[in-house]
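Geometric and topological summary
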Amino acid sequence: MKKVLLCLCSLALGKVTLAQQDPRLKSLDTLAETVLKNWHGAGFAVAVVEKDKVIYAKGFGYRDLEKKLPVTPNTQFAIGSCTKSFTSALVGLLAKEGKLDIDKPVRDYLPSLKFYDDKMNDQITLRDMMCHRTGLSRYDFSWFIFNSASKDSLLERIQYHEPSAPIRTKWQYNNWMFLAQGVVAEKLTGKSWEDNIEERFFRKLDMKNSNLTIDGLKQNAEPAIGYTVEDDRPKKMDYYNINGMGPAGSINSTVLDMSNWVITWINGGRFKGKEIMPASYVGGAMRTQMSMEGGVPNKAIPDVHSVSYGLGWMLSSYRGHYLVEHGGNINGFSASTAFFPTDSIGIIILTNQNGSMITNIIRSEIADKLFGLKDIAWNKYYLDKEKQIPKPKDTAAKEVVKGAEISRPAQDFTGYYDNKGYGKFEIVEKGDSLFVQLPDGNSWYLLHYCYDIYDPVLVDKEKGVNAENKYPWRFTFRTDEQGNISTVSIPLESPVKPTIFTRVEKALALNADALKKYEGEYALGPMTAKIYRKGGAELFLFVQGQPEYTLVPTGKDKFSLKGLTGFSVRFTVNDQGESTEAVFLQPNGTFKATRKK
C-alpha cells in the first residue's frame, strides 16, 4: 500500500514539475508574488487543465502564515459556493435515473417544503431553484447568523421568506434553494447529501483529498487557515461551520482534486472514459437558464460581457471565449472554478483570503496568456477600481433628531427577540449598555442613535467595540399598548419590508414554593380566572371558554402568557406575602381581577 501511495505522490509531483515548464505561464510566479503583496494575501493555489490533463499546478504564499507553512497543490481550502455545481449535478443525475423532473413543482418531491404563498408552492420548480429565479432574495442572515446543523429545521424557515419579485422575472442569488435541492436528493435516495456527493462524485473522480465538513478540513494533512485583511495586514479568521446549509457551500478541496471535476465538465461529463454525468445535463447546465443583471461591456474591457446563469454555473463572454465559472466565498476563503468549454481549458484558484480579488486577477491573467491575448494588466485594473470605491461616510451625527436622548433604562430592552424566518437572539444589559448576543457566538454593541433606535456595532473578540464596525441598518424598537418594548424592526433583507423580531421576556427561575402564593380563583367580572400548578414549578391560567395558558415568570410578581404577544399578568402581593389581585395586561386593555377568599 505504501508503494502505491508513493507512486501516486510521484505522479502528482511529476505533473506539477511539467506544468512549470509551460512557456505560456512562465511569468506567473512573479505575478503571483506581486498580487499577494498588493492585496495583502496569505496564499493561494492554482491549477490549469487542458483537455484531460493538468498542465500547471502550484501553490504560492502560506496556508498558515504564523507557522510559515507553504501552500502546495495539495493544500485544502474551503471552496464555498463552488459547491453548488455539485449539488445541481446530483439533481441532474436523479433526473436521468427517472426519480424526478426538474420542470415539475419541487413540492411533488418534497411536500414538507413550503413557500410564502400558494402561488409559489404550486409553481416553483427545481429548475427555478437551480438558476436563482424563484423570486426570493438572499435571506443570508437567516442562516449565517442563525445557523443550524439540521437541514430540515432550516428548511422550515423558507415559508416565512417574503418574495421580492414574481417567479421567473428576476435573477436573485439564493443559498436556500441549493439547500432545498440537497434535501430533495436526501428524500429520494434515502442517503444524506454528503454521502451522495462522496459516492457519486468524489470516489468516481479520484477526489481523495476532498471532504464536506469543517472537521474534515481541520483533520486534513494540509489545511489552510483562513484570513481577512485588517490595517493592510492578514488577520486570522475562525472557520465557519456551515452545518445544515452544506449543499450551498460546504465542500473543502484542493486545486488538484478540483481539476478532475473541471476535466469532467470539459469532456462532456466523462472522466477517464466513464460517464459521471449525462451529456444532456452538462449541456443544459452550461446553457443560459436566466439572465443576470449587469453584463454590459465597459470602455476599459469591451470584450467582457453578457452575464447569465446556467444550472449551478455563471456564464459570460470573456474576450471572445465562452466562460463557465462559479466563485465561492466563506469566512477566510475565496475560490474560483472556471473553464472554457470550446477551448478545453480549465482554471482553478483557491485562496485563504476572505472576499478576495486574487481569484479574478489570476484567472484572467492565466486565460489571457493561454489564449495569446493582449495584456490588460488585471492586477492594476482591480487595484485602480479599489481606489475608486468611495468610503462610506457616517452622517448619523448630522441626521440625529435634536433632543432625542435615550428614552428609557437599558433593562427595558433586555430579553429574547424571535422571528420564525430567522431565529432568536438575546439582548443583555452590561452596565448601562446594551449588547446583542447572537447564536453564532458573536455579539453586537447597540450604539444609541435617537429615541428607541440603535445602531449595531460588531464587537471584535480581540479589540472590543469599534464604531467603524457599525452595520448599515438600525434596530428600531417599538412598544405595545402598555408602553413596554414589544418588537424590534431590522431591515436585514433590503428588497422586502424590514424583519420584525418579537420580544420574549427572559423567564426567571422560580421554585414551586415561590408560586404557591399566586394560586387561587380570581373574579374577572362575570368570569373566574383560575391560577394553579400541576404539582411542579409551573403556573397555569384557565378562563372558561379559553385554552389553558402557561404563565412564564418575567419579573417580580409578573408573568407573560406563553405563546401570546402583548399578554401578561401582574399580581399584587400584600405584606403577609399573599396575592390579593391579578391585573391582566392585554392589547385591548387592562383588566383587574380580585382574588376570591
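This text goes with the structure placed above it.
Heads up: these notes are all about the structure in this document. For every chain, the first residue of the written sequence is number 1, and numbering continues from 1 along that sequence. This being a predicted model, a pLDDT of at least 70 is required before a residue's local features are given, and a value of 80 or more before pairs of side-chain atoms are given or counted; all residues contribute to the totals for chains, interfaces and linings. No hydrogens and no water enter the side-chain calculation; it runs on all heavy atoms of the structure.

Quick word on the packing of aromatic side chains
Ring geometry is summarised as follows: Phe, Tyr and Trp rings, the Trp one being its six-membered ring, pair when their centres sit within 6.5 Å, and such pairs are stacked at plane angles under 30 degrees, edge-to-face over 60 and tilted between the two. Tallying each qualifying case throughout the model produces 46 aromatic pairs. Note on Phe 201 and Trp 261: the rings are 5.3 Å apart at their centroids and 75° apart in plane angle, and the pair reads as edge-to-face. Of the two residues, Phe 201 sits in helix α9 (residues 193-202) while Trp 261 sits in helix α11 (residues 255-266), which places them 60 residues apart along the sequence. Neither Phe 201 nor Trp 261 differs from the other in exposure class; each is buried. Seen in terms of ring centroids, Tyr 471 and Trp 473 are 5.0 Å apart; in terms of plane orientation they differ by 20°. Their pairing is stacked. Remark: exposure states derive from per-residue accessible area (1.4 Å probe, protein chains only) relative to the maximum for the residue type, with buried under 20%, exposed over 50%, and partly exposed in between. Note on Tyr 471: relative accessible area 23%, which makes it partly exposed. Judged by its relative accessible area of 8%, Trp 473 is buried. The rule for a charge over a ring is simple: NZ of Lys or CZ of Arg within 6 Å of the ring centre, and within 35 degrees of the ring normal. The lysine or arginine in question, Lys 430, covers the ring of Phe 435, its NZ or CZ lying 5.1 Å from the ring centre. Geometry around Phe 540 places Lys 534 over its ring, the cationic atom sitting 4.5 Å from the centre. Numbering of helices and strands runs from the N terminus, with a helix taken as a DSSP run of H or I at least four residues long and a strand as a DSSP run of E at least two residues long.

A word on the sheet that holds strand β28 (residues 549-555)
We call two strands paired when DSSP finds no fewer than two bridges between them. Strand order in the closed barrel made by the eight strands is β25-β26-β27-β28-β29-β30-β31-β32, with antiparallel pairing throughout. Each adjacent strand pair in this sheet contributes to an overall mean axis angle of 30°, direction not counted. Two strands pair when backbone bridges link them, and strand β27 (residues 539-543) and β28 are joined in this way by three bridges, in the antiparallel orientation. Across the sheet, residue Leu 541 finds its bridge partner in β28, namely Tyr 549. To get an axis, a line is fitted to the C-alpha atoms, and for a helix only the part in contact is used. The angle between two axes follows their N-to-C directions and goes from 0 to 180 degrees.

Structural notes on helix α3 (residues 84-96)
Helix span, expected: 1.5 Å multiplied by one less than the number of residues in the helix. The end-to-end C-alpha separation of α3 is 19 Å, in line with the 18 Å expected for 13 residues at 1.5 Å each. Of all 13 residues that make up α3, eleven are buried, and the element is covered over most of its length. Remark: Gly 98 follows α3 within two positions and exhibits a positive phi of approximately 80°.

Notes on the pairing of strand β23 (residues 485-490)
A large share of β23 lies buried, amounting to six of its six residues. One ladder, built from four bridges, connects strand β22 (residues 475-479) with β23; its direction is antiparallel. In the sheet register, Thr 476 faces β23, and the bridge partner there is Ser 489. Here β22 folds back onto β23 in antiparallel fashion, the turn holding five residues, of which Gly 483 has a positive phi close to 85°. Here four bridges tie β23 to strand β24 (residues 499-504), and the two strands are oriented antiparallel to one another. Residue pairing for β24: Ser 489 is matched across the bridge by Ile 500.

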